[in-house]
Amino acid sequence: MDHIWTTLAFSFVLKCVECSGSATKWTYTGAVGQPEWIEFFPECGGFNQSPVNVDTSQTLHDPTLIPVQPMGYNQPGRRPFILSNNGHTVQMTLPHWMGVGGLPSHYSAVQLHLHWGNGVGIATGSEHTINGQSTSAELHIVHYNTEVYANLSEAMMQKNGLAVLGILIETGEEVNQAYGSIFNYLGRIRYAGQKVAIPSFDLQSLLPENLSQYFRYNGSLTTPPCHESVLWTIFNERVKISHSQLLKLETVLYSSKAEEEEPTILQDNYRATQPLNHRTVLSSFIPVSVQIYTAGEIAAIVIGSLFGCIGLAVIIWFIVKTIRLTSSWDVLQSIQPAPQPRMQDANEHKQDTDLKMTSNQEKTKDTEHQPET
Ligand SMILES: *[C@@H]1O[C@H](CO)[C@@H](O)[C@H](O)[C@H]1NC(C)=O
Ligand SMILES: *[C@@H]1O[C@H](CO)[C@@H](O)[C@H](O)[C@H]1NC(C)=O
Ligand SMILES: *[C@@H]1O[C@H](CO)[C@@H](O)[C@H](O)[C@H]1NC(C)=O
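Residues numbered from 1 in each chain as written. Chains lettered and ligands numbered in written order. Predicted model: local features only at pLDDT ≥ 70, side-chain atom pairs only at ≥ 80, totals over all residues. Heavy atoms only, no water.

A. A look at the site of ligand 1. Surveying the vicinity of ligand 1 reveals the residues Ala150, Asn151, Ser153 and Glu154. The contact in question runs from an oxygen atom of ligand 1 to an N or O atom on the side chain of Asn151, over 2.4 Å. A total of 360 Å² of accessible area belongs to ligand 1 in isolation, and the protein chains cover 29% of it. Split by residue class, the shell around ligand 1 holds 1 nonpolar, 2 polar and 1 charged. (Near = heavy atom within 4 Å. Polar contact = N/O pair within 3.5 Å; in protein donor to acceptor, adjacent residues only side chain to side chain. Areas by Shrake-Rupley, 256 points an atom, 1.4 Å probe, with all protein chains shown as cover. Nonpolar A, V, L, I, M, F, W, Y, C, P; charged D, E, K, R; others polar.)

B. Structural context of unusual backbone geometry. Residue Pro51 is reached from Ser50 by a cis peptide bond, and omega for that bond is 0 degrees. Among the secondary structure elements, Pro51 is positioned in the loop between helix H2 (34-40) and strand E1 (53-54). Going from Pro224 to Pro225, the amide bond is cis rather than trans, its omega being 5 degrees. In this fold, Pro225 is placed in the loop between strand E12 (214-219) and strand E13 (230-235). With a phi angle near 60 degrees, Cys226 is a residue other than glycine that sits in the positive phi range. Along the polypeptide, Cys226 turns up in the loop between E12 and E13. By relative accessible area, which is 0% here, Cys226 ends up buried. (Helix = DSSP H or I, 4+ residues; strand = E, 2+ residues; numbered from the N terminus. Buried < 20%, exposed > 50% of the residue type's maximum accessible area, 1.4 Å probe, protein only.)

C. View of helix H5 (residues 243-251). Among the residues making up H5, those that are buried are Gln245, Leu246, Leu249 and Glu250. Viewed along the axis of H5, the buried residues span an arc of 135 degrees, placing them on a single side of the element. In this structure, the buried residues of H5 make contact with strand E5 (90-93), strand E7 (107-116), strand E9 (137-145), strand E10 (162-172), helix H4 (177-183) and strand E14 (239-242). (Arc of directions from axis to C-beta. Contact = heavy atoms within 4.5 Å.)

D. Just a nonpolar patch on the surface, in detail. Side chains of Ile303, Leu306, Phe307, Ile310, Val314, Trp317 and Phe318 sit close together on the surface and give an oily, nonpolar patch of about 760 Å² of accessible area. Locating Phe307 in the fold gives a position in helix H6 (residues 295-335). (Patch = residues over 30% accessible without salt bridge, like charges linked within 9 Å, V, L, I, M, F, W, Y side chains within 5 Å. Salt bridge = Lys/Arg side-chain N within 4 Å of Asp/Glu carboxyl O.)

E. Structural context of the side chain of Asn269. Here Asn269 lies in the loop between H5 and strand E15 (282-283). Within the structure, Asn269 has its side chain in polar contact with the backbone nitrogen of Trp116 (distance 2.7 Å). Setting aside residues up to four positions removed in sequence, Asn269 forms contacts with Tyr28, His88, Thr89, Leu114, His115, Trp116 and Glu127.

F. Structural context of the state of the cysteines. This model, assessed by the stated rule, comprises 1 disulfide. The disulfide partner of Cys44 is Cys226, and the gap between their sulfur atoms is 2.1 Å. Here the S-S torsion is close to 80 degrees, and the disulfide linking Cys44 with Cys226 is therefore right-handed. Linking Cys44 in the loop between H2 and E1 with Cys226 in the loop between E12 and E13, this pair joins segments that are 182 residues apart in sequence. (Disulfide = S-S within 2.5 Å.)

G. Representation of the environment of Val142. Relative to the helices and strands, Val142 is located in strand E9. Residues Val142 and Ala163 lie 21 residues apart in sequence; the distance between their C-alpha atoms is 6.1 Å.

This is how it looks when you write it as structure tokens:
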């Protein structure tokens, strides 16, 4: 046994030497794809991972959740934003005076980035899903807790260290100018490692209009090292970009460096949803779910009403029968004093004794059961 453990530990150390040699080697598919992340980054196998599917029939409405308050988002300042391709996504650094309020602590902005799919088939690309449905892309605006932690590297390892706003993106007919402020420069950072300075713009226009309806839960970074330090806010309202804007996002960037011989297109950079594992997803509102009852509840309702109807029918049948019996006795007694045929008499006696028998049996059963209780 000891031998096995030493070998395992040794191979693990070897692997980690490999991975520290090229820290950004992880990918979404391939040799160090999602199933392998856990080998190199153990936290990716934790119990509080992100993204998750938000099942609106299971969310808990918390009326104390106030609207999200973006701070300084619409005062971008004169200095340009830096947009970069890090091989995993397109990322934009954010000025420290921007932040988000309405959360348990104050959080300062760090960066924003996107996740998307490949444009084939149904809309996939978002990391979070609502009632099992993905959208074409998702924007994450990352903040860290400046009230409790000294810097980002410290905060990203700790509980409540980060707060990320998640915005689900779908396609529509119109061009979204705010998202255009980013997408227009993708052609300048096609390869991993490239950076470009872009004119600053009003970040608030990247958010949906309604900031009072959202889901909140404790989760993790959705990329290695998957630290479980994120307080997530997923807006219920989705934002729309045009089909051609989405196509640009899906096709312009490479995950490979300019000097690499075979360029690899940067697509499908979204992580699969992770198990909720007893976590509660709070909602700031009462979600209108199409499916009000679950299949089990519907079955219970149908069976319940069926038994109800049968019960009612039986009661009515007994009442009707009793009325008929008594009235026919009345008629028989008053009009027909003539003796009844013997057969019928005998039958009636038999029924009586039968009844007595059963009631006696029940009584004995009752007494048998009594000592047990
Ligand atoms: C972050 O803060 C911690 C604790 O104060 C410190 O040890 C560390 O050097 C800081 N890291 C950076 C990158 O500033
Ligand atoms: C957000 O939605 C809620 C509920 O539908 C509504 O009361 C509120 O006015 C909306 N807010 C905005 C800014 O649209
Ligand atoms: C997140 O975890 C903290 C404890 O660290 C807890 O106080 C808080 O209620 C949790 N938030 C949600 C939305 O579950």
